[in-house]
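What follows is each chain in one-letter form.
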Amino acid sequence: MMFRLILFVAALTFLPLHMARASGGEAEPLVHQHWHFSGAFGTYDRAALQRGYKIYREVCASCHSMKQLSFRNLTDLGYNENQIKAIAGEYSVEDGPNEEGEMFERPARPSDSFPAPFANDKAAAYANGGALPPDLSLIIKARHHGSDYVYGLLTGYEEAPHDAHLLDGQYWNKYMPGHVIAMAPPLSDGQVAYEDGSPDTTQQYAADVVEFLTWAGDPHMETRKRTGLKAIMFLVVFAFVMYAVKRQIWSDVH
Amino acid sequence: MGHGAGETRRDFLQLTAGSFGAVGAGIALWPFVHSMNPAKDTLALSTTEVDISPIRKGQSITVMWRGKPVFIRHRTEAEIEEANAVSIADLPDKQDDAERVKKDKDQWLVLVGICTHLGCVPTGQKQTETRGEFNGWFCPCHGSHYDTSGRIRKGPAPKNLALPPYEFLSDTLIKIG
Amino acid sequence: MGSGERAEFKNPVVSWIDERLPVFSMMQQEYGVFPTPRNFNYFWNFGAIAMFMLVAMIATGIFLAMNYTPHVDMAFDSVERIDRDVNWGWMLRDIHMNGASFFFIAVYVHIFRGMYYGSYKKPRELLWILGVVIFLLMMATAFMGYVLPWGQMSYWGATVITNLFSAIPLVGDSIVTLLWGGFSIDNPTLNRFYALHYLMPFVIFAVVFLHVWALHICGSNNPTGIEPKGKQDTLPFHPYYTMKDTFGLLVFLVVFCVFVFYAPDYLGHPDNYKEANPLVTPPHIVPEWYFLPFYAILRAITFDVGIPGTEIVFISAKLGGVISMFGSIGLLLILPWLDTHPIRSARYRPKFRFFLIVFLVVFVMLGYIGSQPADATLFGAPLTLLGILSTTYYYGFFLVIIPWLNNTEKGKDLPKSIHDAVLEDAREAAKG
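So, here's what we can say about the structure. Bear in mind the structure is a predicted one, so any value in this text is a computation, not a measurement.

The next thing to look at is the sheet that holds strand 3 (residues 68-74) of chain B. All names here are of chain B. Strand order in the open sheet formed by three strands is 2-3-4, with antiparallel pairing between adjacent strands. Sheet topology places strand 2 (60-65) and strand 4 (108-112) at the edges, where each strand pairs with a single neighbour. The mean angle between the axes of side-by-side strands here comes to 20°, regardless of whether they run parallel or antiparallel. With five bridges connecting them, strand 3 and strand 4 associate as antiparallel partners.

On to the packing of helix 5 (residues 89-116) of chain C against helix 13 (residues 350-371) of chain C, then. Packed helix pairs are specified by the crossing angle of their axes together with the interaxial distance, meaning the distance between the axes. All names here are of chain C. Closest axis-to-axis distance for the helix 5/helix 13 pair is 11 Å, and the angle between their directions is 155°. For the element pair helix 5 / helix 13, the angle class is roughly antiparallel. Considering only the axes of helix 5 and helix 13, their crossing is right-handed. Side by side, helix 5 and helix 13 meet where Y108, F112, M115 and Y116 of the first sit next to F352, R353, L356, F359, L360 and F363 of the second. Looking at the contact of helix 5 with helix 13 residue by residue, the classes come out as nine nonpolar, no polar and one charged.

Here we come to the pattern of salt bridges. All names here are of chain A. Tallied over the full model, the rule gives 34 salt bridges over all chains. The partner of D208 in a salt bridge is R51, with the nearest N and O atoms 2.7 Å apart. Here R51 lies in helix 2 (residues 46-58) and D208 lies in helix 6 (residues 202-217), a separation of 157 residues in the sequence. Across the pair D95 and R106 runs a salt bridge whose closest N-O atoms are separated by 2.7 Å. Of this pair, D95 sits in strand 1 (residues 92-95) while R106 is found in strand 2 (residues 104-107), placing the two residues eleven residues apart along the sequence.

It is common to give the size of an interface as the accessible area that goes away when the parts come together. Every contact between the two is made by 13 residues of chain C and, on the other side, twelve residues of chain B. Both sides together, the interface formed by chain C and chain B hides about 1100 Å², and carbon and sulfur atoms give 62% of it. At the boundary of chain C with chain B, the tally comes to one salt bridge. Note that D41 of chain B is salt-bridged to R81 of chain C, the shortest N-O span being 2.6 Å. Here chain C and chain B share six residue pairs in polar contact (both at pLDDT 80 or more) between them. Broken down by secondary-structure element, the contributors of at least two residues to the side of chain C that touches chain B are helix 3 (46-65), helix 4 (75-84) and helix 5 of chain C. Grouping the amino acids of the side of chain C that touches chain B by side-chain chemistry returns seven nonpolar, three polar and three charged.

Right, let's talk about the state of the cysteines for a bit. Residues and elements named next belong to chain B. Within the structure shown, the criterion is met by one disulfide over all chains. In this model, C120 is linked to C141 through a disulfide, with the two sulfur atoms separated by 2.1 Å. Between C120 and C141 the sulfur-sulfur dihedral comes to about -105°; the bridge is accordingly left-handed. Linking C120 in the loop between strand 4 and strand 5 (135-139) with C141 in the loop between strand 5 and strand 6 (144-147), this pair joins segments that are 21 residues apart in sequence.

All names here are of chain C. Tallied over the full model, the rule gives 68 aromatic pairs over all chains. On the numbers, 5.8 Å between centres and 75° between planes, the contact of Y31 with F237 is edge-to-face. Separated by 206 residues along the polypeptide, Y31 in helix 2 (residues 23-32) and F237 in helix 10 (residues 237-262) bring together distant segments of the chain. Aromatic side chains Y393 and F397 sit 6.2 Å apart centroid to centroid with 25° between the ring planes, which places their arrangement in the stacked category. With Y393 and F397 both in helix 14 (residues 383-408), this residue pair falls four residues apart, about one helical turn. Accessibility classification places Y393 together with F397 in one group, the buried group. The lysine or arginine in question, R113, covers the ring of W44, its NZ or CZ lying 4.4 Å from the ring centre.

Along the chain, G96 of chain A connects to P97 of chain A via a cis peptide bond; the corresponding omega equals 0°. Considering the arrangement of structural elements, one finds P97 of chain A in the loop between strand 1 and strand 2. Here the residue pair H238 of chain C and P239 of chain C is connected by a cis peptide bond, since its omega of 5° sits within 30 degrees of zero. Tracing the backbone through its elements, the reader meets P239 of chain C in helix 10. Even without being a glycine, W150 of chain C presents a positive backbone phi close to 60°. The exposure class assigned to W150 of chain C is buried, which follows from its relative accessible area of 5%. Backbone geometry places L170 of chain C, a non-glycine residue, at a positive phi of 65°. One can find L170 of chain C in the loop between helix 7 (152-163) and helix 8 (172-180).

Residues F104, M115, W150, F294, Y394, F397 and F398 of chain C are the most contacted members of the largest nonpolar core, which totals 146 residues. Here the element with the most residues in this core is helix 5 of chain C; it accounts for 17 residues. In terms of nonpolar packing, the next biggest core, distinct from the first, is built from 43 residues, Y53, A88, L187 and Y205 of chain A among them.

Attention now moves to the interface of chain A and chain C. Contacts between the two partners involve 52 residues from chain A, matched on the other side by 55 residues from chain C. Interface area for chain A against chain C, summed over the two sides, is near 4700 Å², with a carbon-plus-sulfur share of 73%. Broken down residue by residue, the surface that chain A buries against chain C is led by K141, R224 and W250 of chain A, which jointly contribute 13%. Summed over the shared surface of chain A and chain C, the number is three salt bridges. With a closest N to O distance of 3.4 Å, E275 of chain C and K67 of chain A form a salt bridge. Inspection of the region where chain A meets chain C yields eleven residue pairs in polar contact (both at pLDDT 80 or more). The set of elements that each furnish at least two residues to the side of chain A that touches chain C consists of helix 1 (2-22), helix 6 and helix 7 (221-250) of chain A. When residues in the side of chain A that touches chain C are grouped by element, the largest group, 18 residues, is from helix 7 of chain A. Residue composition of the side of chain A that touches chain C, by class: 32 nonpolar, eleven polar and nine charged.

Bringing the sheet that holds strand 8 (residues 166-170) of chain B into the picture now. All names here are of chain B. What the three strands build is an open sheet, ordered 1-9-8; its pairing is antiparallel. Edge strands, defined here as strands with exactly one partner in the open sheet, are strand 1 (48-51) and strand 8. Averaged over all pairs of adjacent strands, the angle between strand axes in this sheet comes to 25°, irrespective of strand direction. In this structure, strand 8 lies alongside strand 9 (residues 173-176), joined through four bridges in antiparallel fashion. By the bridge assignment, E167 is partnered in strand 9 with K175.

Another aspect to go through is the environment of R57 of chain A. Residues and elements named next belong to chain A. Along the chain, R57 falls in helix 2. Taking the relative accessible area as the measure of exposure, R57 reaches 27% and is therefore partly exposed. Those residues in contact with R57, other than ones at most four positions away along the chain, are I87, E90 and Y91.

Parameters and conventions
Residues numbered from 1 in each chain as written. Chains lettered and ligands numbered in written order. Predicted model: local features only at pLDDT ≥ 70, side-chain atom pairs only at ≥ 80, totals over all residues. Heavy atoms only, no water. Pairing = 2+ DSSP bridges. Helix = DSSP H or I, 4+ residues; strand = E, 2+ residues; numbered from the N terminus. Axes fitted to C-alpha atoms, helices over the stretch in contact; angles between N-to-C directions. Parallel < 35°, antiparallel > 145°, perpendicular 65-115°, else oblique. Left-handed = near helix turned anticlockwise from the far one by under 90°. Contact = heavy atoms within 4.5 Å. Nonpolar A, V, L, I, M, F, W, Y, C, P; charged D, E, K, R; others polar. Salt bridge = Lys/Arg side-chain N within 4 Å of Asp/Glu carboxyl O. Buried area = accessible area lost by both parts, 1.4 Å probe. Polar contact = N/O pair within 3.5 Å; in protein donor to acceptor, adjacent residues only side chain to side chain. Disulfide = S-S within 2.5 Å. Phe/Tyr/Trp six-rings, centres within 6.5 Å; stacked < 30°, edge-to-face > 60°. Buried < 20%, exposed > 50% of the residue type's maximum accessible area, 1.4 Å probe, protein only. Lys NZ or Arg CZ within 6 Å of the ring centre and 35° of its normal. Core = buried A, V, L, I, M, F, W, Y, C linked by side-chain atoms within 4.5 Å.

Below is the structure:
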């Protein structure tokens, strides 16, 4: 009786939560992509992460900041310390004040965070026609089904229908809630040259940058899943032992 | 608990369960303890680069490294001489001046500016501050005197002022940490 | 607790301490030999599980607090730093975040068990009331904790919930200003919520102590709802229930770990990974899942109460919503006096059992309604209508159905004793 009841309560409780998630805005339902990081044993594809970082650097970073990330985090992508120093060295950051009280520019170090393209949110919004390009550090976690959503958005640009009236600097995207988006289509075939022979297509670019952004929002995913596996295996075995103990102790009662 | 044959399985089971509990609790404790150790961003900030070209002879500057003051003194010839004139055997913490500077750079003395007694910051960095009886640094908290090599000479401090790990990247640039 | 005779201890240190401060005797009496009904089912695990979750929340919370910065400019980033840079910080945070949900799961099951088996009835009224007080304190604690990461849901959830108090006539607005320490949710609000979020768990702990004390005065209820009549009806708490509780706890923790390690954000809301922005409200604000049924009751009242056809309004829709929400929890407090039926356990009250299970379904339904946008529909019916119907049933269950059953439900024959009931069950099991 009570097990049935527990199951019943659990089902009743989780079903509506799930339904709550499934019902969304008016945008087209997302297509579920198969990601390298999906599932209980999924991991990040290092090559895709590096390609994704290249896309971010060469395309997204001109408008979008990633203020939660530092160059030192790039070790997760498979870069070694010298490579990271070299990457950081390509950027310059403001430091100071020096002995004379002046701020000065110096090459970035691994401990520095990714420099933002604009001085502040106001400047970023002003330079982008009033629409603030969101910080991308957590963009995947900050959207329902973030990976599929961002992939959909990057590949979902279409010709606007005749009855849609878009203002200057607005575009039509089938996955954007409300369809109207202020970001111009950021990716196009052949735009970024890959060195590892991966296809230079919009789809490939989008998939790679989503892999990178997913990592950026959830850098400990692999450790988390590994730790979880150990913890759960331990608890399951412990639970069996405990069940045996309980039965032993209760054997003279029943 | 008895020791009859029928009880052996029970003992074994309970012992196993007990060990599982103890091991599990022990392992679960570690993340809590380790979370108090320096975080990754803190560890990443553990080097500081300093341009020493503006420090004139006889002057000192103080820079921050890992949240602690680091003293960099550009020593005069007289100060170097004074540091070398001491008989090592008489020192509480026996150390030659040569061990405390880089080779051929003995005009530069780089020290962690924290008294080895109880962690106060000694005076003597500015010309106007008292440098103690040995013309180095003086800790006002409990009266420790350090010489021109940063060695303890008098007072309660047990050790010489510590040397941070550092290297000369060029003649005018040092990297601490 | 702490009264009665001292036990004998072989260990001289233990014995020495016990003569001066009988903590060991107390543990021995209350958790060692304490006579406990022999027929508990696994529903009785959830008190111990809730206790464990409280301790886990306090432990992880203290270590998170060591790395958290309660300032509007830094709170969001400090939480991200915990997730990214602090050693094991991601795990402590995931345990704390999901721990809140699992604490509520345990407590909801615990409360429902109390209702199903009539554990609130004489002489356990005060025990039950202390439990409801713990539930209320938990809600306040969870609400303030949710504000701390300073995401969009933190900010707007806090705005909406604190604005409830503005419904109070005359002094409402002053109370809200007092709660905020300003004219909107801002740094003073964050600081006081942090201070209180740290304090409240210890208050909960103190009330839990009273709750357990009261429990050990009148003893546990059991699935038959009849009191133990002698030694044949009880077992010492240790090792029988210590071992059974540990087993149940481990199973619960397996489920908990699945969430912590494989779906840490499933029970949260993506909007809370956007930093709080006082200028932009998210299109669809929802509280954490454990508040949803009460949130639905709050929203169900969309009409003013007054004299029809006139402009006279006694209770505005806003105040009505707030009253019905707090009232829905208030009903739990007076439940021991609403239900005066002599039979405790729903096992022997088929009618009560039926209405109680409908109540459970309605409660979950309210949760679903609370999760949806205000203008949503289900199978073509507007959810506002379902909301008002469900709220009506919620109130009707307590104020109409239960009093009606007091007088009309005869109930089944009770077994002579717990021992008899256990033997009967065993015979049934052998037959089936």
